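Breakdown of the fold
Okay, here's what each chain looks like letter by letter:
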Amino acid sequence: MEKIKTNFESFPIALLEHVNLCIPSHNFAEEYYVNLLGFVLDPKKGRNSPRGTLHFNAGITQIHLTLGDPQIIPGSIVLLHPNLKILKKRLETSPTLELLKESKFSWKEREEDGTFEIIGPYGNCFKVREAERSFGRKNIPGAHLHGNLSEMIGIVSIEFKCKMNQASKITEYYQKFF
């Protein structure tokens, strides 16, 4: 398999701190993000009950889940994990899978690049890459300030799908204004 390379000098985002998503219910959230993906519930803001928001940490990044109509990102949330063999075993054998049977959850291993494509309970796509393949390192710490160590290292990027022949227009916009 070909090694994935990242050129940090040409990538202007230093940190994607958090992603906000609306979901209709928190029924699957903790099981999915903590027990299956390896996030941890934020100890300070984990259950922000007045707003109905859950905060899950993956390294120094977070996913905030607010109650509302399901918000599906048109593309993929890209995550970094230290060892895909561990994650694969959990995706195949976790008791959480029984709970997720009634949701949109599914997953597959992408042979072409060795990543996992996981569809979450409400339909968002998560691509999970292995740290060593992406960055040449296995042990990248994943702890949020005042938080517990998460297995998932963090959110690396979001890949947005766009309509055919629109990418050049989007590029022109960002070159002009940023």
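Report on the accompanying structure.

Rules and cut-offs
Residues numbered from 1 in each chain as written. Predicted model: local features only at pLDDT ≥ 70, side-chain atom pairs only at ≥ 80, totals over all residues. Heavy atoms only, no water. Pairing = 2+ DSSP bridges. Helix = DSSP H or I, 4+ residues; strand = E, 2+ residues; numbered from the N terminus. Axes fitted to C-alpha atoms, helices over the stretch in contact; angles between N-to-C directions. Contact = heavy atoms within 4.5 Å. Salt bridge = Lys/Arg side-chain N within 4 Å of Asp/Glu carboxyl O. Buried < 20%, exposed > 50% of the residue type's maximum accessible area, 1.4 Å probe, protein only. Parallel < 35°, antiparallel > 145°, perpendicular 65-115°, else oblique. Nonpolar A, V, L, I, M, F, W, Y, C, P; charged D, E, K, R; others polar. 1 Å grid on protein atoms, 1.4 Å probe; cavity = no way out; pocket = protein on both sides within 12 Å on 5 of 7 lines; lining within 4 Å. Points joined across faces, edges and corners; volume = space filled by probe spheres on them.

**Looking at the sheet that holds strand S6 (residues 75-81)**
In spatial order, the strands read S7-S8-S9-S6-S10; together these five strands make up an open sheet with mixed pairing. The open sheet has two free edges, formed respectively by strand S7 (106-110) and strand S10 (154-160), since each of these has just one partner strand. Looking at each pair of strands side by side, their axes are set apart by 25° on average, direction ignored. Lying over the sheet, helix H1 (residues 29-37) contacts S6, strand S8 (115-119) and strand S9 (125-130), oriented at roughly 160° with respect to S8. Lying on the sheet, helix H2 (residues 84-93) is in contact with S6, S7, S8 and S9; it crosses S8 at an angle near 35°.

**Brief notes about the pattern of salt bridges**
By the definition in use, this model includes nine salt bridges. Note that Glu-159 and Lys-127 form a salt bridge whose closest N and O atoms lie 2.8 Å from each other. Within this pair, whereas Glu-159 is found in strand S10, its partner Lys-127 is found in strand S9, the two being separated by 32 residues in sequence. In this structure Glu-159 comes out as partly exposed when scored by relative accessible area, which is 27%. What makes Lys-127 buried here is its relative accessible area of 15%. A salt bridge links Arg-129 to Glu-159; its shortest N-O distance comes to 3.2 Å. Of the two residues, Arg-129 is situated in strand S9 and Glu-159 in strand S10; the sequence distance between them amounts to 30 residues.

**Focus: the pairing of strand S5 (residues 61-67)**
By the criterion of burial, S5 is predominantly enclosed, with five of the seven residues buried. Looking at chain direction, strand S1 (residues 18-23) and S5 are connected through six bridges and run parallel. Bridge pairing links His-18 to Gln-62 in S5. Linkage of strand S4 (residues 53-58) to S5, two consecutive antiparallel strands, is achieved through a turn of two residues, within which Gly-59 is found at a positive phi near 65°.

**Focus on the packing of H1 against H2**
Taken N-terminus to C-terminus, the directions of H1 and H2 make an angle of 130°; their axes are 10 Å apart at the nearest point. On the basis of their axis angle, the class for H1 and H2 is oblique. Where H1 approaches H2, its residues Asn-35, Leu-36 and Leu-37 are matched on the opposing element by Leu-87, Arg-90 and Leu-91. For the contact of H1 with H2, the residue count by class is four nonpolar, one polar and one charged.

**Some remarks on the pairing of S9**
Most of S9 is tucked away, with five of its six residues classed as buried. Inspection of the sheet shows S6 paired to S9 by six bridges, in the parallel sense. Bridge assignment links Leu-79 to a residue of S9, and that residue is Val-128. Judged from the four bridges that link them, S8 and S9 form a sheet pairing that is antiparallel. Each residue of the ladder has a partner; that of Ile-119, found in S9, is Cys-125. Where S8 folds back onto S9 in an antiparallel hairpin, the turn is made up of five residues, including Gly-123, whose phi is positive at roughly 110°.

**Here's the deal with empty space enclosed by the protein**
On inspection of all chains with the given rule, the structure shows one cavity of 30 Å³ or more. In this structure, the largest cavity spans a volume of roughly 80 Å³. Lining the largest cavity we find Leu-21, Ile-23, Ala-29, Tyr-32, Tyr-33, Leu-65, Gly-120, Pro-121, Tyr-122, Gly-123, Asn-124 and Phe-126. Elements supplying a minimum of two residues to the lining of the largest cavity: S1 and H1. Partitioning the lining of the largest cavity into residue classes produces nine nonpolar, three polar and no charged.

No statement about biological role is implied by the geometric values presented.
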